Each structure stands twice: as structure tokens, then as C-alpha cells.
Amino acid sequence: MSPLRRAGIIIASTRAATGVYEDRTGPVIADWLAEHSFEVIPAAVVPDGPSVGAALRALLALEPALIVTSGGTGLSPDDVTPEETLPLLDREVPGLMEAIRAAGLDKTPLAALSRGYAGIAGGTFVVNLPGSPSGVMDGLSVLDPIIGHVCDQVAGRGGSHDHAE
């Protein structure tokens with residue numbers, strides 16, 4: 001059995017952070033993480049903008065295996081989650097975001113507008129998901145069969161699938 005991994009959640013939503021409406025994506029992500037045997041660090045609900053970067057840096061300092069963000073990946077002027085995430089990544093994993101957008105495109109053409117990133121920051125895998133519950137579920141469905149392998153590889157466990165001996 002693999003050791004219990006920790007995961008953090010950041011919800012980028014000015015309206016949820018100010019109490020205009022209740023965040024609906026954090027609980028979906030937290031339930032998914034618990035189903036995958038992660039110890040879940042309580043979600044940080046922050047306004048769109050630089051607060052996202054501050055929350056990411058604070059979570060990265062805790063060295064979780066995984067950080068999932070939701071929101072701030074669209075085209076609105078204050079949708080800057082990708083811009084706040086990218087400088088913190090040591091390596092990008094663009095194929096994962098391509099797969100997440102493709103999964104969403106089966107349901108809505110708006111999935112093509114999601115600008116999120118996935119990548120590695122130190123020993124943490126970070127993924128930006130859209131702000132809608134359906135977009136989050138699409139992203140989690142892509143992560144579902146691979147998240148254990150992703151975390152193992154980032155932690156230096158598991159094979160790289162290269163066939164050199």
C-alpha cells in the first residue's frame with residue numbers, strides 16, 4: 001500500500017471568496033481526492049488575481065503531492081490562474097491539459113477556452129481545472145486512471161516506461 005499522500009485545493013473565485021455564492025467545485029474535488037486516498041488539506045477559496053499565486057505558494061510550502069485549482073482559467077480580465085501558476089512550475093505536462101480540454105469538448109465547445117496548466121513544482125503535481133462543476137468533473141475523469149502513477153513518478157517512485165535496461 002502506498003503511503004498516504006496529501007493534496008491541496010485552491011478555488012479561484014472572487015464571488016465565492018466574498019460570499020456572493022457558495023463554492024460548488026471544492027467539495028467535488030475534496031470527495032474525489034478522498035476516494036483516491038489523499039489526505040485533503042482544507043480548500044482555500046480566494047479571489048481571482050494575485051491571491052491565487054499567494055495561495056499556491058503557501059500550499060507548495062506544505063509540500064503536498066498534488067494541488068488542484070479550480071477557476072480563473074477563462075478569458076475574463078481577472079482570470080489569471082494560469083499566469084499565477086506557470087511561474088511556479090519547474091516542468092509543464094501539456095498533454096494532460098490537452099486531454100482535459102478534449103474531454104470537455106465532448107460536452108461543450110466552451111472547453112476550448114480553458115487556459116489552465118498542469119505541471120510539476122518541486123515535488124508537487126499542480127493542475128488547473130475550470131471553475132464549473134462539470135468542467136471539474138471532466139478534468140477529474142481524465143486524472144482518475146493516472147493520478148497514482150503521476151504522483152509516484154513526481155516522487156521518484158515507479159518506472160519511467162522507457163525500455164532501456
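Use the structure listed above.
A short tour of the structure in this document, coming up. It should be emphasised that the depicted structure is a prediction, and the values quoted were computed from it without experimental measurement.

### Examining helix α5 (residues 94–105)
Part 1 of the reasoning: Along its 12 residues, α5 runs 17 Å from first to last C-alpha, staying within 8% of the 16 Å computed at 1.5 Å per residue.
Part 2 of the reasoning: Those residues of α5 that fall on the buried side of the exposure criterion are L96, M97, I100, A103 and G104. For α5, the angular spread of the buried residues around the axis is 120 degrees, confining them to a single face.

### What to know about the pairing of strand β7 (residues 124–129)
Look at any regular strand and the pattern is simple: side chains alternate between the two faces of the sheet.
Part 1 of the reasoning: Burial within β7 is extensive, with 6 of its 6 residues counted as buried.
Part 2 of the reasoning: Sheet topology note: the strand β4 (residues 66–70)/β7 ladder contains 5 bridges and is parallel. Considered in β7, the bridge of I67 is made with V126.
Part 3 of the reasoning: Here 4 bridges tie strand β6 (residues 118–121) to β7, and the two strands are oriented antiparallel to one another. Residue pairing across strands places G119 opposite V126, the latter belonging to β7.
Part 4 of the reasoning: Between the end of β6 and the start of β7, which pair antiparallel, lie 2 residues, with G122 showing a positive phi angle near 65 degrees.

### A closer look at the environment of A121
Part 1 of the reasoning: By the element assignment, A121 lies in strand β6.
Part 2 of the reasoning: Expressed as a C-alpha distance, the spacing of A121 and L86, which sit 35 residues apart in the sequence, is 9.5 Å.
Part 3 of the reasoning: Dropping the residues within four chain positions of it, A121 is found in contact with L60, L88, L89, D90 and V126.

### Here we look at the packing of helix α2 (residues 26–35) against helix α6 (residues 133–143)
Part 1 of the reasoning: Running from N to C, α2 and α6 cross one another at 15 degrees; their axes reach a closest spacing of 10 Å. In terms of orientation, α2 and α6 fall into the roughly parallel class. As α2 runs across α6, the sense of the crossing is right-handed. Contact with α2, carried on its side by V28, I29 and W32, involves V136, M137, L140 and L143 of α6 and no other residues of that element.
Part 2 of the reasoning: A per-class count over the contact of α2 with α6 returns 7 nonpolar, no polar and no charged.

### Brief notes about the nonpolar core
Taken as a class, soluble globular proteins show a tendency for nonpolar side chains to be buried jointly.
Part 1 of the reasoning: The biggest cluster of nonpolar side chains holds 27 residues, and the ones touching the most others in it are L66, F125 and V127.
Part 2 of the reasoning: Counting residues per element, the ones that place at least two in this core are β1 (5–12), α2, β4, α5, β6, β7, α6 and α7 (147–154).
Part 3 of the reasoning: Excluding residues that lie within four positions of it along the chain, L66 makes contacts with R6, A7, G8, W32, L33, F38, T124, F125, V127 and I147.
Part 4 of the reasoning: Membership of the second largest hydrophobic core comes to 13 residues, among which are A55, L89, A121 and V126.

### Examining the pattern of salt bridges
Part 1 of the reasoning: This structure, assessed with the given rule, holds 4 salt bridges.
Part 2 of the reasoning: Linking R115 and E83 is a salt bridge whose minimum nitrogen-to-oxygen distance equals 2.7 Å. In this pair, R115 is assigned in the loop between α5 and β6 and E83 in helix α4 (residues 81–85), connecting sequence segments 32 residues apart.
Part 3 of the reasoning: Exposure remark for R115: the relative accessible area of 26% places this residue in the partly exposed category.
Part 4 of the reasoning: Using a relative accessible area of 42% as the deciding quantity, one classes E83 as partly exposed.
Part 5 of the reasoning: Across the salt bridge formed by D152 and R157, the nearest N and O atoms sit 3.7 Å from each other.
Part 6 of the reasoning: Within the structure, one salt-bridge network assembled from shared partners comprises R5, D152 and R157.

### Topic: the packing of α5 against α6
Part 1 of the reasoning: Contact geometry of α5 with α6 gives a least axis separation of 9 Å together with a crossing angle of 130 degrees. Considered as vectors, α5 and α6 are oriented oblique to each other. In this structure, α5 crosses over α6, and the sense of that crossing is right-handed. Within the contact between the two elements, α5 uses L96, A99, I100, A103 and G104 and α6 uses D138, G139, V142 and L143.

Here is what the cut-offs are and how they apply
Residues numbered from 1 in each chain as written. Predicted model: local features only at pLDDT ≥ 70, side-chain atom pairs only at ≥ 80, totals over all residues. Heavy atoms only, no water. Helix = DSSP H or I, 4+ residues; strand = E, 2+ residues; numbered from the N terminus. Expected span 1.5 Å × (residues − 1). Buried < 20%, exposed > 50% of the residue type's maximum accessible area, 1.4 Å probe, protein only. Arc of directions from axis to C-beta. Pairing = 2+ DSSP bridges. Contact = heavy atoms within 4.5 Å. Axes fitted to C-alpha atoms, helices over the stretch in contact; angles between N-to-C directions. Parallel < 35°, antiparallel > 145°, perpendicular 65-115°, else oblique. Left-handed = near helix turned anticlockwise from the far one by under 90°. Nonpolar A, V, L, I, M, F, W, Y, C, P; charged D, E, K, R; others polar. Core = buried A, V, L, I, M, F, W, Y, C linked by side-chain atoms within 4.5 Å. Salt bridge = Lys/Arg side-chain N within 4 Å of Asp/Glu carboxyl O.

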